[in-house]
Amino acid sequence: MTVKLALDHVHKAYGDRVVLDGMTVSVDEHQVVCLIGPSGCGKSTLLRCVDLLDPIDRGTITLDGVDITAKGIDTNAVRRRIGIVFQSYNLFPHMSVLDNVTLGARRAQKRPRREAEEQARELLDRFGLGDKAEEFPNRISGGQNQRAAIVRALMSDPEILLLDEVTSALDPELVGEVLGVIRELAERGLTMVLATHEMGFARDVADRVCFLNEGRVLEEAPPAELFGSPQEERTQQFLARVTEAGRL
Amino acid sequence: MDDPTLTERRPSAVDSVLTGPTGGRSWFQQEGVRAGVIASVSTVVFFGVAAALIVNSPNWPRVRDQFFSWEDFREAWPDVLGGFWVNVVLFFQAMLLIPVVALVIAVMRSLRGPAFFPLRLLSIIYTDVFRGIPLILLILLIGFGVPALDIQGLPNDAAFWGLIALTLSYSAYTAEIYRSGIDAVPESQRSSARSLGLTQFQTLRFALLPQAIRNVVPALMNTVVSLQKDVALIAVLGVVRDATREAQIITNRTFNYTPYLAATVLFLAVSIPLTRYVDWYVARDRARRSQAQV
């Protein structure tokens, strides 16, 4: 297995608040890694830093062995190799689904509109959005918004997909359709990092689960192991509370 | 609608409370009539008292002759109307220039990263300086100052420099309006645009500005209303024969102030419909937005 993405002792603070405190984690090619942990443990920040949306203070992030936080790196080119999907979908409200999905291809990659739209329609079809291409984001459901956001992130054929609590903003009955899409992508071998509160789904789809606490990985293991016999006390407490809430 | 319970509902105790002892017309209809009567009476009384106060003031006959002379009005009208055309042209020229200059200033201010610091600084200085100078002073300084420099290749026309002064001042305000619109777009929209590999400029151009401008259209339209009147300030340059200046010239000759009234009528004839339109547009825009959120 080759290492696709690796964070090595990454530090990140917003003002006085330390969010990543020596975060070290690596993701192999074709692997699905789930990040779990309490709010504020650094899951979202980790994903934002990997996509170079927030600069890190110290440490290195490597993609295929190349330090992408080094000076002189073409950040826009790196972002095209990495897809990210956010909790609140963030489709552009003034554009149709099709224009949303093709914007990056047309403007950042300078591909001809026809070719981009062809690829977009194919992807939209595959994820059950074929008839929603001309709709605007406020006219379709949250689940459809989130699936469109995933399609948008897939348009540049990313080598790795980051998913930031993509089901947290959805009505419960819409969670399934989005998880279905992610499961399909996992089966096709796409490398993914998911920050998630869906423990059942993490157990199902992940190759490895990392429990994050106070800005670093406290414990990591295959899902059966981590959920079955967590070693650290904090992990046990967290999982006990999640179980109590009926989420596992 | 065959259901008899819907069409032939028997009167109940609640109905008599709602309609009152007179029955027939509803409480709401009666209230509407009453409100209408009160509004009309109070309007007539208010304006009646105000008119009586003015007409009975000790100097009213003199003021009437100096400000409301029909003869002077008719005599001044052609020149003032001709001057008003200058204002209209100036208004449209400024309306073309201001949105463009303001957008450049606003975009400069919205760029992030240390490399763009000089542009951000320039934009801040620009808005601070040109919002800080009273428009009348700016028109005097630029309208007289720049032509006096006699720089080769630059026009020496006072009207041109008046237009530039108007543009500089209004662009500073308009840039701030744009910026407030850009700031109102959620940060997550910027993140998702950047995550697609778009550059800062592309992010602004395709993701943020279309939303930002839509946010501030009402504010921009109010600026248009105020610009329509402020073009009259060009009269201070003296050589530009706009409506106000024409009125001033006639007044200086006849010592009668009615020409100013003629200019006022012309400005009102444009600004009142414009203001009504803006109000209507803003109300419609608000209604559409609240609908879209459902």
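For the structure itself, look to the data block above.
Okay, so let's go over this structure. (Residues numbered from 1 in each chain as written. Chains lettered and ligands numbered in written order. Predicted model: local features only at pLDDT ≥ 70, side-chain atom pairs only at ≥ 80, totals over all residues.)

**Thoughts on the sheet that holds strand E8 (residues 191-195) of chain A**
Residues and elements named next belong to chain A. A sheet is described by the order of its strands in space; here 6 strands give the open sequence E6-E7-E8-E3-E9-E10, paired in mixed fashion. The open sheet is flanked by strand E6 (82-85) and strand E10 (216-221), the only strands paired with a single partner. Within the sheet, the average angular offset between the axes of one strand and its neighbour, ignoring direction, is 20°. Relative to E10, strand E9 (residues 208-213) is paired through 5 bridges, and the arrangement is antiparallel. Across the sheet, Cys210 pairs through a bridge with Glu220, a residue of E10. Each of E6 and strand E7 (160-164) touches helix H5 (residues 142-154); the most contacted strand, E6, lies at about 170° to it. (Pairing = 2+ DSSP bridges. Helix = DSSP H or I, 4+ residues; strand = E, 2+ residues; numbered from the N terminus. Axes fitted to C-alpha atoms, helices over the stretch in contact; angles between N-to-C directions. Contact = placed C-beta atoms within 7 Å.)

**What about the environment of Val27 of chain A?**
Within the secondary structure layout, Val27 of chain A lies in strand E2 (residues 17-28). Apart from the residues within four sequence positions on either side, Val27 of chain A is in contact with Lys4, Leu5, Val33, Thr191 and Val193 of chain A.

**What to know about the interface of chain A and chain B**
Across the contact, 18 residues belong to chain A and 17 residues belong to chain B. Elements with a minimum of two residues in the side of chain A that touches chain B: helix H2 (75-81) and helix H3 (97-108) of chain A. For the side of chain A that touches chain B, the leading source of residues is H3 of chain A, giving 4 residues. Partitioned by chemical class, the residues of the side of chain A that touches chain B number 7 nonpolar, 7 polar and 4 charged. (Nonpolar A, V, L, I, M, F, W, Y, C, P; charged D, E, K, R; others polar.)

**Section: the pairing of strand E4 (residues 58-63) of chain A**
Residue and element names in this part refer to chain A. Across 5 bridges, strand E1 (residues 3-14) lies against E4 in antiparallel orientation. Its bridge partner being in E4, Leu7 is matched across the sheet by Ile61. One ladder, built from 2 bridges, connects E4 with strand E5 (residues 66-67); its direction is antiparallel. When the sheet's bridge partners are listed, Thr62 is paired in E5 with Asp67. Between the antiparallel neighbours E4 and E5 lie 2 residues, among them Asp64 with a positive phi of about 55°.

**Focus: the sheet that holds E2 of chain A**
Residues and elements named next belong to chain A. Strand order in this open sheet of 4 strands is E2-E1-E4-E5, and the pairing throughout is antiparallel. In the strand order of this sheet, the two ends are held by E2 and E5, each with one partner. Relative to E2, E1 runs antiparallel, the two being bridged by 9 bridges. Bridge pairing in E2 links Lys12 to Leu20.

**Remarks on the packing of helix H5 (residues 70-110) of chain B against helix H10 (residues 200-230) of chain B**
Residues and elements named next belong to chain B. Where H5 meets H10, the axes come as close as 11 Å, and the angle between the chain directions of the two elements is 140°. Comparing the axis directions of H5 and H10 gives the class oblique. Read as a crossing pair, H5 and H10 show a hand that is right-handed. Along its contact with H5, which presents Phe91, Ala94, Met95, Val107 and Ser110, the element H10 presents Leu204, Val224, Leu227 and Gln228. Of the residues contributing to the contact of H5 with H10, the split by class is 7 nonpolar, 2 polar and no charged. (Parallel < 35°, antiparallel > 145°, perpendicular 65-115°, else oblique. Left-handed = near helix turned anticlockwise from the far one by under 90°.)

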